[in-house]
Amino acid sequence: MTLIPLNNRSILPLALLISLILLSQIARASIAVTDNPSSELAGVAWQSNDDSAPWGDASAQRGGISRQPLLHFPPNIRRIGPQTPHSFSATLENLQLPLIARHPQDSRWIPMLASRWLVNEQAMRLYFELDADARWSDGVAVTTEDVRFTLEFLTDPATAAAWQAERLQQLISGLEVFDQQRFALVLQKPATMNSIRELASLRPFAAHVYRNPRGWPKSFDWYPEPTTGPYYLAQLNPNAQIVLRETSDWWGRDKRYFKHRFNVRRVNLRIPDKDYSVVDLLERGELDVIPLNTTENWQSEQISQLSNSKRINRIQFYHQAPLPFTGLLLNANHPSLSSKSQRAAVLSALSPQTAISELNEAESLSADFIRRSETSDQQPNAEISVLPDELTLIYSDQQDLMFLRLLQQQAKIKGMNILLEKVSPAKLRSALQQANYDLTWLRFSSPLNGENFLSLFQSGNGQIFISMDAVQRFISGTGNTATAEQLFKYLQDESIFHTGYGYPYCRSASWQWLKLPENQGTRISTDLFNPFDAVTGGLFWIDRKQRADILAKPERGKNDDSKPHINIQYRLNNNQL
């Protein structure tokens with residue numbers, strides 16, 4: 001499982017794989033909504049983009065069923081409210097289109113739910129015009145009434161969307177509605193690139209569905225809301241399968257940046273059971289593709305045998321997308337870690353930077369608020385360097401196990417025993433909030449900007465709160481005005497936090513009937529077979545005839561190459577290969 005407290009691209013939870021919302025019931029100031037005459041738009045210099053290159057493949061075949069794994073059945077299918085975010089939240093978000101988005105190649109703004117806009121840094125208003133063709137999957141038109149309702153719904157205490165409400169009110173003070181398609185978000189502060197990106201990714205809720213939310217949230221736990229993207233939730237088989245179908249006559253089908261994408265008519269998300277693992281289901285042809293997130297499963301004997309004997313390809317695709325935020329947290333409240341010298345000794349014994357260097361092609365994390373110290377690993381004070389005999393390191397994502405074992409091995413050489421304990425999301429949440437742990441490995445499924453990072457240590461300002469007395473004293477000592485850069489430097493200087501690592505590529509194993517464009521993916525594709533993402537998803541298609549032929553004879557031929565396909569076109573240091 002993956003920790004994702006918040007995403008710098010959206011005011012709603014994206015790709016979230018852990019339930020960590022703080023549901024504090026606090027008084028909230030309402031966002032002012034006014035109806036203004038459309039004549040006020042006479043001076044607006046609308047922006048659009050029909051010039052950037054589309055990235056769908058004109059040779060893509062439409063139709064077929066995509067069969068992909070789903071590791072956990074969600075506790076509900078709501079985007080917000082109690083017991084969210086969860087393992088399915090990222091998919092629920094991706095079923096809805098943002099207002100506008102960045103082109104995956106040239107990074108220019110492109111239309112999504114909105115066809116025109118005016119978004120400039122330092123501006124106090126962001127203007128949007130909804131696409132007149134936009135429809136919910138149930139056929140109802142998408143209008144500014146949905147935007148108006150969304151802001152009311154998210155900021156209503158009864159909705160129990162505490163973090164979303166707080167974030168909205170930090171960013172905007174009002175909504176100006178001009179007609180059924182056009183509106184402006186009035187900002188609290190002059191726009192920055194981060195705030196524009198965050199608000200541009202707003203995904204509205206359908207007013208005609210949620211206007212009278214009787215029994216919220218329980219009555220909506222399993223209610224499939226209408227979507228603005230190409231697929232909608234069609235069938236739920238508890239603890240077995242989730243089925244999504246293509247929206248009939250989807251309004252975006254022939255739009256420039258959606259054309260030749262989202263080609264399959266149905267997506268079946270299958271949960272493995274006690275009889276068949278994910279790899280077993282791939283071998284049987286009951287899954288088309290599986291991700292290979294770790295070096296262990298990429299090089300596993302079972303995957304290698306499948307690739308050698310069956311017509312299954314392994315693909316490693318380099319990308320330039322920002323890496324998810326990861327790091328090692330030491331609990332300064334713990335008696336064995338209460339002094340800087342004790343923590344520095346532990347960090348030196350673990351030697352995270354050495355472990356990162358031993359991972360094939362792993363990169364040390366970077367972010368705009370991270371300032372590297374002159375030494376790669378903290379060195380202990382010579383006066384106090386006695387290590388504790390044993391510490392427990394908790395984590396929640398299996399993909400980090402190889403790295404954590406390297407830390408464990410290095411600590412053992414120095415005479416310290418590290419117990420690795422994989423915990424549930426609920427236990428991890430409790431441990432962070434109560435400072436009830438020794439060491440914690442944190443993994444977020446998205447990059448963090450400075451505001452995101454700072455909010456982790458501020459109660460009520462984010463979906464995750466990391467409680468630690470020393471950190472709270474530092475923040476209080478700045479008059480609660482500490483910047484992310486200052487906080488990060490403090491955590492590093494005090495040996496409380498060590499940044500982690502990431503891989504600049506994605507890996508998968510897929511049957512040959514799954515087809516990709518010539519370039520396979522975009523500059524920022526982190527999953528070549530994502531069916532839903534509005535920008536990087538839906539690039540693949542299924543050759544149904546080849547599927548039938550392969551299932552009839554799945555073995556590789558004598559001249560069929562079984563070596564992994566390594567795509568380096570977007571690798572930043574291609575000269576190394």
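Given the structure is predicted, the values throughout are model-derived calculations rather than measurements.

So, how was this worked out
Residues numbered from 1 in each chain as written. Predicted model: local features only at pLDDT ≥ 70, side-chain atom pairs only at ≥ 80, totals over all residues. Heavy atoms only, no water. 1 Å grid on protein atoms, 1.4 Å probe; cavity = no way out; pocket = protein on both sides within 12 Å on 5 of 7 lines; lining within 4 Å. Points joined across faces, edges and corners; volume = space filled by probe spheres on them. Nonpolar A, V, L, I, M, F, W, Y, C, P; charged D, E, K, R; others polar. Pairing = 2+ DSSP bridges. Helix = DSSP H or I, 4+ residues; strand = E, 2+ residues; numbered from the N terminus. Axes fitted to C-alpha atoms, helices over the stretch in contact; angles between N-to-C directions. Phe/Tyr/Trp six-rings, centres within 6.5 Å; stacked < 30°, edge-to-face > 60°. Buried < 20%, exposed > 50% of the residue type's maximum accessible area, 1.4 Å probe, protein only. Lys NZ or Arg CZ within 6 Å of the ring centre and 35° of its normal. Salt bridge = Lys/Arg side-chain N within 4 Å of Asp/Glu carboxyl O.

**Things to note about empty space enclosed by the protein**
Under the definition given, this model contains three cavities of 30 Å³ or more. Reported here for the largest cavity is a volume of approximately 60 Å³. Residue lining of the largest cavity: Asn293, Thr294, Thr295, Leu359, Gln399, Asp400, Met402, Phe403, Tyr501 and Tyr503, and that is the complete set. The class makeup of the residues in the lining of the largest cavity is five nonpolar, four polar and one charged.

**Comments concerning the sheet that holds strand β9 (residues 231–237)**
Pairing within the open sheet is mixed, and its four strands lie in the order β2-β11-β10-β9. Of all strands in the sheet, those bounded by a partner on one side alone are β2 (65–69) and β9. Across the sheet, the axes of successive neighbouring strands diverge by a mean angle of 20°, strand direction being ignored. Examined bridge by bridge, strand β10 (residues 241–246) and strand β11 (residues 266–270) share five bridges and lie antiparallel to one another. Across the sheet, the residue bridging to Arg245 is Arg266, located in β11.

**Looking at the packing of aromatic side chains**
One pass over the full model with this rule turns up 35 aromatic pairs. Ring geometry for Phe205 and Tyr210: centres 5.5 Å apart, planes at 85°, overall edge-to-face. Here the two residues Phe205 and Tyr210 agree in accessibility, since each one is buried. Ring centres of Trp250 and Phe262 lie 6.0 Å apart, and the angle between their planes is 85°; this geometry places the pair in the edge-to-face category. Of this pair, Trp250 sits in the loop between β10 and β11 while Phe262 sits in the loop between β10 and β11, and the two are 12 residues apart along the sequence. Considered together, Trp250 and Phe262 belong to a single accessibility category, that of buried residues. Following the ring pairs from residue to residue traces out a cluster consisting of Phe149, Phe153, Phe205, Tyr210, Trp216, Phe220 and Tyr223. Sitting above the plane of the Trp109 ring, Arg102 keeps its charged end 4.0 Å from the centroid. Its end group placed over the ring of Tyr276, Arg284 keeps NZ or CZ at 4.1 Å from the ring centre.

**Looking at the pattern of salt bridges**
Taken as a whole, this structure holds 27 salt bridges when the rule is applied. Glu93 is paired through a salt bridge with Arg79; the nearest N and O atoms lie 3.8 Å apart. Of this pair, Glu93 sits in helix α1 (residues 89–94) while Arg79 sits in the loop between β2 and α1; the two residues are 14 residues apart in sequence, bridging distant segments of the chain. For the pair Glu93 and Arg79, one class covers both residues: buried. Residue Arg270 pairs with Glu286 through a salt bridge whose shortest N-O separation is 2.8 Å.

**Digging into unusual backbone geometry**
Residue Pro85 is reached from Thr84 by a cis peptide bond, and omega for that bond is -5°. If you trace the backbone, Pro85 turns up in the loop between β2 and α1. Positive phi, normally seen in glycine, also occurs at Asn239, with a value near 60°. Here the phi dihedral of Asp249 falls at roughly 50°; this positive angle occurs in a residue that is not glycine. With respect to the helices and strands, Asp249 occurs in the loop between β10 and β11.

**Points about the pairing of strand β7 (residues 172–177)**
On any regular strand, side chains alternate: one points to one face of the sheet, the next to the other face. Summarising burial for β7: five of the six residues are buried, a large majority. Looking at chain direction, strand β1 (residues 32–35) and β7 are connected through four bridges and run parallel. By the bridge assignment, Thr34 is partnered in β7 with Glu176. In this structure, β7 lies alongside strand β8 (residues 182–187), joined through five bridges in antiparallel fashion. For Val177, the partnering residue across the bridge sits in β8 and is Phe183. Hairpin connection of β7 to β8: four residues between the antiparallel strands.

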